[in-house]
Amino acid sequence: MKPFGLAEPASLKDAIAMIGDADSGVRPIAGGSALMLMMKPGILQPETLVSLRGIEPRYSSIETAGDGGLFIGAMTTLRRMELSADVARHAPVVTQALRRLSNVRVRNIATLGGHLAHGDPHLDLPPVLIALRAKVHIAGRDGERQIDVEDLFRSYLETSLDSGELITGVTVPAQGNRKSAYIKHTTRSADDWPALGLAVSFSLDGDVLRDVRAAIGAATDIPQRLKSVETALEGKRAADALQGAGDAAAAEAQVHSDARGSAAYKRELIRVFTGRVIRKAMESAAGGTI
Ligand SMILES: Cc1cc2nc3c(=O)[nH]c(=O)nc-3n(C[C@H](O)[C@H](O)[C@H](O)COP(=O)(O)OP(=O)(O)OC[C@H]3O[C@@H](n4cnc5c(N)ncnc54)[C@H](O)[C@@H]3O)c2cc1C
């Protein structure tokens, strides 16, 4: 690996000041689990890494609002999220997804901010966070902004972060009595990268689905909403709409063949697992499944 310098700022403000334009050769590092894999073969060759480990503790913490909404700092490790009683109480579908995300060694060092900024479409949390209507907090030299999680992803490994911007955290709005679920389908071991990730969230009005959010990851170029599924389910009884939702998802998702299966195979997975994830959410406690 090419030698590099390491800067360890003690504040977010200093970190932002150190990170220049995209071609400056300076790059942030959080857990390093994804970055190091790209530096070892020389795909990325930064001259300086700016470690975010020393920035203010707020960015490694999980805060709960009175209504059950969550703020999760960007430097919070995935393991800390997995073990958080607040996350389990207010967004149990996140806890459930984390338990099968890689292994505990990776979860111990990987952070939420690095997870999202990496921009790999195969990540587990983006579809879950999209279904929960979460927002990404971003800070840069020009100030702070918030965007919906689905607006973070532009293309393979490319995000909408501007040069010098950092993710500072994620807010998950209060879920109330909404039901949510995530299904990860792997073609190798259970905790492998998913071949397909599907998440849904909705309210129930009697047995009618309302305010539906559906999202897909892994099988598509970027994690994204499945708007045709949302439309197919909205205002319907789940039992009447499962087939149509699966067909709509398989038709909408732009899938490609890769090492985890052919496009035709993944399309069939999407058709079948769309019904399953909706059923799983129907059976879940309010806020999701553990
Ligand atoms: C063996 C292995 C198996 C894995 N399996 C899975 C899996 O099954 N499912 C899954 O979802 N994921 C999986 N992962 C991926 C893992 O989730 C990511 O590597 C991890 O979340 C990245 O977080 P990090 O803190 O280590 O990021 P880093 O490696 O430190 O950074 C990743 C990228 O984000 C940038 N960055 C970091 N923090 C910020 C920030 N706050 N703001 C802006 N940019 C930032 C860095 O410059 C870099 O480009 C696996 C990883 C490994 C190594």
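Residues numbered from 1 in each chain as written. Predicted model: local features only at pLDDT ≥ 70, side-chain atom pairs only at ≥ 80, totals over all residues. Heavy atoms only, no water.

Engineer: Mind showing me how you'd approach helix H10 (residues 238-252) here?
Structural biologist: Since one α-helical turn is 3.6 residues long, residues separated by three or four positions face the same way. Helix length check: H10 (15 residues) gives 19 Å between terminal C-alpha atoms against 21 Å at 1.5 Å per residue, within 8%. Residues Ala-238, Ala-241, Leu-242, Ala-245, Gly-246, Ala-248, Ala-249 and Ala-250 constitute the buried set of H10. (Helix = DSSP H or I, 4+ residues; strand = E, 2+ residues; numbered from the N terminus. Expected span 1.5 Å × (residues − 1). Buried < 20%, exposed > 50% of the residue type's maximum accessible area, 1.4 Å probe, protein only.)

Engineer: Even after reading the chapter, I still don't get helix H5 (residues 92-99), so can you show me in this structure?
Structural biologist: Counting buried positions along H5 yields seven of eight residues, so the element is predominantly enclosed. Of the residues making up H5, those classed as buried are Pro-92, Val-93, Val-94, Thr-95, Gln-96, Ala-97 and Leu-98. Next to the buried residues of H5 lie helix H3 (78-83), helix H4 (85-90), helix H6 (104-109), helix H8 (125-131), strand S11 (179-185) and helix H11 (263-283). (Contact = heavy atoms within 4.5 Å.)

Engineer: I keep staring at the pattern of salt bridges and nothing clicks. Help me out?
Structural biologist: Opposite charge on two side chains allows them to pair when their charged atoms are near. Enumeration over the complete set of coordinates arrives at 19 salt bridges. Here Arg-58 makes a salt bridge to Glu-63, at a shortest N to O gap of 3.2 Å. Taking relative accessible area as the criterion, Glu-63 reaches 33% and is therefore assigned partly exposed. Between Arg-213 and Glu-150 there is a salt bridge whose closest N-O contact spans 3.3 Å. Here Arg-213 is found in strand S13 (residues 208-217), whereas its partner Glu-150 is found in the loop between strand S7 (143-148) and strand S8 (153-155), with 63 residues between them in sequence. Note on Arg-213: relative accessible area 8%, which makes it buried. (Salt bridge = Lys/Arg side-chain N within 4 Å of Asp/Glu carboxyl O.)

Engineer: Sorry if this is basic, but what is going on with the domain arrangement of the protein chain here?
Structural biologist: Where the parts come together, the accessible area they lose is often given as the size of the interface. Here the protein chain is described as being made up of domain 1 (5-50), domain 2 (57-172) and domain 3 (179-283). Each of domain 2 and domain 3 has a C-alpha centre, and these two points are 21 Å apart. Each partner contributes to the interface: domain 2 provides 24 residues, whereas domain 3 provides 27 residues. Both faces combined, the contact of domain 2 with domain 3 buries some 2200 Å², and carbon together with sulfur accounts for 56% of it. Contact with domain 3 buries area across many residues of domain 2, yet Arg-100, His-122 and Arg-133 alone supply 29% of it, more than any other trio. In this structure, Arg-225 and Glu-150 form a salt bridge, with 3.8 Å as the shortest nitrogen-oxygen distance. Taken together, the links from domain 2 to domain 3 amount to eight residue pairs in polar contact (both at pLDDT 80 or more). When contributions to the side of domain 2 that touches domain 3 are tallied by element, the ones reaching two or more residues are H5, H8 and S8. (Domains from an automatic or database assignment. Buried area = accessible area lost by both parts, 1.4 Å probe. Polar contact = N/O pair within 3.5 Å; in protein donor to acceptor, adjacent residues only side chain to side chain.)

Engineer: Honestly, the pairing of strand S6 (residues 135-140) in this entry has me stumped. Any pointers?
Structural biologist: Each regular strand shows side chains that alternate between the opposite faces of the sheet. Where burial is concerned, most of S6 is hidden: five out of the six residues are buried. Both S6 and S7 contribute to a ladder of six bridges, which runs antiparallel. Looking at S7, one finds that Gly-140 is bridged to Gly-143. Connecting S6 to the antiparallel partner S7 that follows it, the hairpin turn spans two residues. Both S6 and strand S10 (residues 166-172) contribute to a ladder of five bridges, which runs antiparallel. Opposite Val-136, over in S10, you have Val-170 as the bridge partner. (Pairing = 2+ DSSP bridges.)

Engineer: Honestly, the site of the ligand in this entry has me stumped. Any pointers?
Structural biologist: Looking at the ligand, there are 29 residues lining it, with Pro-28, Gly-32, Ser-33, Thr-111 and Asp-124 nearest. Contacts to the ligand include Arg-27, whose side-chain N or O atom sits 3.1 Å from an oxygen atom. Backbone polar atom of Gly-32 to an oxygen atom of the ligand: 2.7 Å apart, as the coordinates give it. Protein contact buries 91% of the 980 Å² of open area that the ligand shows by itself. For the shell around the ligand, the elements supplying multiple residues, two or more each, are strand S2 (26-29), helix H2 (35-39), helix H7 (112-118) and S10. Residue contributions to the shell around the ligand peak at four residues, all from H7. Class assignment of the residues belonging to the shell around the ligand gives a composition of 16 nonpolar, eight polar and five charged. (Near = heavy atom within 4 Å. Areas by Shrake-Rupley, 256 points an atom, 1.4 Å probe, with all protein chains shown as cover. Nonpolar A, V, L, I, M, F, W, Y, C, P; charged D, E, K, R; others polar.)

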